[in-house]
Amino acid sequence: MKANVRSLYLLIIFACMTTLSFAQGINITGKVTSATDGTGLPGASILIKGTTTGVPTDLEGNFAISVPSTSSILVVSMIGMTSQEIPVGSNSVINIVLQDDARALNEVVIVGYGTQKKLDITGSVVSIKGSEISKQSSINPVSGLQGKVAGVQINNSGKPGEAPQIRIRGVGTAYGSPNPLYVVDGVWFDDISFLNSNDIESMNILKDASSQSIYGVRAANGVVLITTKKGKSGKAIIDYNGYVGVQKVTNQIKMANANQYATVTNELSAINGGKQLLDPSQYGEGTDWYKQILRDAFITNHQISVSGGGDKSTYGLSLGYLKQDGIVDKNNFKRYTARFQNDFQISKNLKVGYTATGAFSKSNDEAGGIFRQLYAAAPVVPVYNADGSYGDPSKLFLGDAVSFNPQVTVDVFNQVTKKTLLTANAYAELSFLKNFTFRTSLGGRYGQDETRTYNPVYAATLTQRNTNSLLTFVRPQARYWIFENTLTYTKEIGKHSFTALLGQSAQHDQSYKLTATARDVPYKSEGDLYLALGDADTKSVTDEGDLATYSSYFGRVNYSFSDRYLINASLRADGSSKFYQGGNAWGYFPSVGAGWVISNEPFLQNQKVFDNLKLRGSWGKIGNASVPSNLSTLTVATGGSLAAIYGGTVNTGASINSIIPPITYWERGVGTDIGLEASMLKNRLSVELDYYTKKTERAIFDIPVLSSIGTASGSILGNQADFQNKGFEASISWRDEIGKDLSYSIGVNGSVNSNKVLSVSTGANPIYAGGVGLTGGALATRTRVGDPIGSFYGYIVDGIFQNQAEIDGSAQKTAKPGDFKYRDISGTNGTPDGNITGLDRQVIGNPNPKYTYGINTTWNYKWLDLTLDFQGVAKIDIYNANIGWRYGNENVTKDFYDNRWHGEGTSNTYPSANIGGGSNYLPNSFFVQSGSYFRVRNAQLGFTLPAKITDRLKLRKLRVYANAQNALNFFKYKGLSPEVRATDNKPTTAGIDANVYPLSATYNFGLNITF
């Protein structure tokens, strides 16, 4: 196999370098213009029907393409215009005039392993132009989708360089990676942080199982197809896009000042029988730790590209640079990108090409737990003393819970992360026997990361000190290749249209990670940080790795009769080494879709209501292999703690790491979708509605087991549950013109999704998780039949105990005045029993959003353009762990200080300063808050110089703009941001706010120039 792959790769390279001495096709030139004003249309698609060969028009609407024969047909399409099919015949010059079409039902859309007209698609597929993404100041292209696609939920992070979390139609898997599959120019990825938004031509989101199933094993969480920009025939075009701006913290939490902190600290001491620790009269405002550590952060992004080509070849080159400072002092991220692309028309039937991308990033990381420290740090502690030394909390005897100075944490922390990624794809496409197209491609990626952490020798405070330096290197590597071949047959017989696809795919995915440490490494500069300079007796090296291979076969048939009745059926078979040892290596993923274009029926030809009306339905199965390899392999651990001495001899012992199931099966998704598409009022109004179900069968969970069993992991992995997402989506858009100078569009989208667990292998026994950021090891989430995944689970608060008499008459005899009053719900017999126990816990919140929505508008008046995007989430809960994550005298928010119980009758909603003591810290409804929000996601005002000015300046285009992102946010949540990401990206830990890096507002000015 490797020899075959190598031979094919060399053949493709040879073909790419050979551009002479081949037979030539028929060269066609022309121009695509708008029927509305006669202007040239840039970016229109000219595609040879039945193939994937095509070119876009240049900025003036001109194009040049070589076709195999006079019987070829050109498919001319553009988003927002009505597509046309033009027979070539004996013509060498073909000019096309396109009519406005707000529905774009005839637009050619990229789907799995090919393209289809929007009219012919039977599944739920949404296409977003790259220009809509690049307008925003998002450093990750996925962030630009937020609020633009119904049913797609995105949670961003304010951390520089960090990828957003995306969910397509709810949670698709509970273990492993819940990220969708990204296919970039034929290469598969889990993350596209390396990709520059300006390099993207289009993003196509496959939302239903029918459209996803052609990707079988990796489609369980949705598929995002990304096509990067390609060179266009014609004169060289040079584009520059860049902006500079600033990021500002929004919705800053107001913490108690020093005087208020001293008051609360004394109250807590008195509740616990202690003495007064601080004299409030000695303190005023004190230290605002958020203000001290956080900052306004600089951001800038620049990209330059060159593209062009002739009759037989096109090229594209782009270079990008991004620098983003974090809102935490000393935290920053830099990224450099380069992309190269060439296409060659070797002969009239053969086309070859390649795309290669390189990305390098470097970040100075923020200290782990810094946001937790800013929340908890004592404001009575100065940043620095008068002599310049650090303020020391230990001198105030406030306890270990606040024995840190956040400035020390930031100053001492020294960690740098570097990431290098190279990815490429080469292809050859051969057309033969009129109706056949064979395409072969070989793609791959190589990733090399390095995280270097150095903990120096220092003595800042009594507890913040280190006597031995520690140097740590973590170096993950990833090597991946994918080899795919497809054969496409296209045929039209009268009113019948057929397209059949057969394909084969092989993948190899290998990772390796090396971790090495050494103590007592000296440090004067970066040049000193070598493990060899450390103490030889303290050096350690560990490594780990993984290898997964896949073999796949797939096919698809599309049929259309008279553009009225549509059928789409596919089947994919995937074999994966991840499930080989369980004897269940192969999975089979079928799908079928049907469509009825009602508006093309003869009985609707004379009606005036609908310009287009289509009903579609689909069903399909998809799979998930984004789980660790060899789940059914029993592993053991050895070590000195497991050794035993018998007869004076030391014998090595071993312990089982985890309990494993005898067989691990494919995790499968089964989905149905019913959709309605309509356009009215001369195509100005478009509506798309979808109802779907998405069921995950045999979902892999890790269920906790008793520690007394003796396993290292404390859990058992396996196919433990079935769960379901069910919902409704709606997208409505209006596009119109007022006079000749003003045009506008308004799009509204929304979705309703309900998540529910259908069955669990443990029966009535639930799966508990969500212990990050909770005091005493409590677990805040539960997954149980009938409830959503990762539901918040705890006690219901019915008020605050005001006095001892209330306590004596309650079910909480050990409580204190000011404590939470928990509701007595159930005893061992299922009825209230006068005692508060674990049986009284209930579902108290849902971290899975019920509603997501977006409003997107564009306005164009002469040379001015305005974009306003709004986005929101409703009926979602967040567990604010920051409030109850207490072990002593941590600070409190100003809100808590103002509303706390501090004597009988002072509050019946907020507890006393003892919120972290007694049973108050246990998960309960007080900590669950609404995560609903509405924001102005993006606002941009641009000005494009008139053509008569740019002509004098020898420019094709010059545009300047001002942009604001996340500038206005409306929510009731009492944290920094309601966008709370799942810890370790696991759905069972979603919505718990503990040490979250918050979002910030970004304000920037940009410039677009085309030469």
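Above this note sits the structure.
Structural notes, computed from the coordinates. Remember, predicted model here, so these are calculated numbers, not experimental data. (Residues numbered from 1 in each chain as written. Predicted model: local features only at pLDDT ≥ 70, side-chain atom pairs only at ≥ 80, totals over all residues. Heavy atoms only, no water.)

Points about the overall build of the protein
Applied cut-off: The secondary structure listing takes helices from DSSP runs of H or I that are at least 4 residues long and strands from runs of E that are at least 2 residues long, numbered from the N terminus. Throughout, the radius of gyration refers to the C-alpha atoms, and the reference size of a globule is 2.2 Å times the residue count to the power 0.38. Throughout this description, buried means an accessible area under 20% of the type-specific maximum (1.4 Å probe, protein chains only), exposed means over 50%, and partly exposed covers the range between. Residues count as neighbours in contact if any of their non-hydrogen atoms are within 4.5 Å of one another. For the accessible areas, the method is Shrake-Rupley and the probe is 1.4 Å, while residue cover comes only from the protein chains on display. Charge convention: Lys and Arg are scored as positive, Asp and Glu as negative, and His as well as the terminal groups of each chain are ignored. Charge positions come from single atoms, namely NZ of Lys, CZ of Arg, CG of Asp or CD of Glu.
The helix and strand tally for the protein stands at 11 helices and 53 strands. Relative to the globule expectation of 30 Å for 1011 residues, the C-alpha radius of gyration of the protein, 31 Å, shows essentially globular dimensions. The buried share of the protein, reckoned over its 1011 residues, is 54%. Contacts in the protein between residues at least 24 apart in sequence constitute 70% of all its contacts with a sequence separation of at least 6. If you sum the accessible surface of the protein, you get close to 42100 Å²; carbon and sulfur atoms cover 57% of it. Each charge class in the protein can be summarised by its mean position, and for the 93 positive and 81 negative side chains these summaries are 5 Å apart.

Thoughts on a nonpolar patch on the surface
This is how the line gets drawn: Patch definition: residues above 30% relative accessible area lacking any salt bridge, with like charges linked at up to 9 Å and the nonpolar side chains Val, Leu, Ile, Met, Phe, Trp and Tyr linked at up to 5 Å. We define a salt bridge as a side-chain nitrogen of Lys or Arg found within 4 Å of a carboxyl oxygen belonging to Asp or Glu.
A grouping of Ile732, Ile746, Val748, Trp859, Tyr861, Trp863, Leu864, Leu866, Leu941, Phe943 and Val960 is seen on the molecular surface, where their side chains present a nonpolar patch of about 910 Å² in accessible area. Of all elements in the fold, only β39 (742-760), β46 (851-861), β47 (864-874) and β50 (933-944) reach the threshold of two or more residues within the nonpolar patch. With respect to the helices and strands, valine 748 occurs in strand β39.

Let's talk about the sheet that holds strand β52 (residues 992-993)
In plain terms, the rule: Pairs of strands are assigned from DSSP output, requiring at least two bridges between the strands.
The 3 strands lie next to each other as β49-β48-β52, forming an open sheet whose pairing is mixed. Both outer strands of the open sheet, β49 (928-930) and β52, are each paired with one neighbouring strand and no more.

As for a positive patch on the surface
Side chains of Lys129, Lys135, Arg735 and Lys957 sit close together on the surface and give a patch of like positive charge. Along the chain, the position of lysine 957 falls in strand β51 (residues 957-971).

Overview of the packing of aromatic side chains
Here the distance between the centres and the angle between the planes together describe a pair of aromatic rings. For the record, the criterion: Aromatic pairs are defined between Phe, Tyr and Trp rings, using the six-membered ring for Trp, whenever the two ring centres lie within 6.5 Å; interplanar angles under 30 degrees are classed as stacked, those over 60 as edge-to-face, and all others as tilted.
The tally for this structure, following the rule as stated, stands at 28 aromatic pairs. Where phenylalanine 189 meets phenylalanine 194, the ring centres are 4.9 Å apart and the plane angle is 40 degrees; that geometry is what we call tilted. Each member of the pair, phenylalanine 189 as well as phenylalanine 194, is classed as buried. Note on phenylalanine 820 and phenylalanine 927: the rings are 6.1 Å apart at their centroids and 80 degrees apart in plane angle, and the pair reads as edge-to-face. A residue pair is termed long-range when its members are at least 10 positions apart, and phenylalanine 820 in strand β44 (residues 820-822) and phenylalanine 927 in the loop between α10 (894-899) and β49 qualify at 107 residues.

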